[in-house]
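Structure at a glance
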Amino acid sequence: MPPESPNRSSRISRLRRPAVMVFAAGLLLCLLVVLAGTAVLRASLPRLEGVLKIQGLRAPVWLERDALGTVTISGRHREDLAFATGFIHGQERFFQMDLMRRRAAGELAALLGEQAVGADRQARVHRFRDLAQDDV
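Anyway, here's the lowdown on the structure attached to this text.

Scoring rules and cut-offs
Residues numbered from 1 in each chain as written. Predicted model: local features only at pLDDT ≥ 70, side-chain atom pairs only at ≥ 80, totals over all residues. Heavy atoms only, no water. Salt bridge = Lys/Arg side-chain N within 4 Å of Asp/Glu carboxyl O. Helix = DSSP H or I, 4+ residues; strand = E, 2+ residues; numbered from the N terminus. Buried < 20%, exposed > 50% of the residue type's maximum accessible area, 1.4 Å probe, protein only. Pairing = 2+ DSSP bridges. Patch = residues over 30% accessible without salt bridge, like charges linked within 9 Å, V, L, I, M, F, W, Y side chains within 5 Å. Areas by Shrake-Rupley, 256 points an atom, 1.4 Å probe, with all protein chains shown as cover.

This part is about the pattern of salt bridges. In the structure shown here, the tally under the stated rule is seven salt bridges. A salt bridge links Arg102 to Asp98; its shortest N-O distance comes to 3.1 Å. Placement of the pair is Arg102 and Asp98 together in helix H3 (residues 94-105), with a separation of four residues, close to one helical turn. Of the residues examined, Asp98 reaches a relative accessible area of 15% and is grouped as buried. Residues Asp130 and Arg127 are paired through a salt bridge, measuring 3.2 Å at the closest nitrogen-oxygen approach. You can call Arg127 partly exposed: its relative accessible area is 47%. Linked through salt bridges whose partners overlap, the residues forming this network are Asp98, Arg101, Arg102, Glu107 and Arg129.

A word on the pairing of strand E1 (residues 61-65). As paired elements, E1 and strand E2 (residues 71-75) share five bridges and run antiparallel to each other. Bridge assignment links Trp62 to a residue of E2, and that residue is Ser74. The turn joining E1 and E2, which pair antiparallel and follow one another in sequence, is formed by five residues; a positive phi near 90 degrees is taken by Gly69.

Bringing a nonpolar patch on the surface into the picture now. Residues Leu28, Leu31, Leu32 and Leu35 make up a contiguous nonpolar surface patch of about 390 Å² in total accessible area. Inspection of the secondary structure assignment puts Leu35 in helix H1 (residues 6-43).

Before going further, it helps to examine unusual backbone geometry. Residue Arg127 is not a glycine yet carries a positive backbone phi of 55 degrees. Mapped onto the secondary structure, Arg127 falls in the loop between helix H5 (117-124) and helix H6 (128-135).

Structural data, given as structure tokens:
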């Protein structure tokens, strides 16, 4: 086999650097997408520890979770307990409530992709978002 000519060798090394740069940029972009996605998903998780100061409560309310995640709510006033129950429902069922809102508005395809376009078309006929806005 004949040895490589100097021209060919220099052409390969000139192409190698841009190829490595493109690969590194693609790898960095993938890493950034994964990190951003992780941050968005973590932000939607319920807050399980700490103290929140919420206006409108008449007295302190305690929310405690056991090892299985079951919540125990304790407080002095019935209205405060009802508020805390709603708060917990919002934390635990946020994804379900958002999915139901998107379903009624005909916006599932934005979340789930093309396979949900048919369901969106069926829902948009009813104009639930417009009707709700009119009621408000």
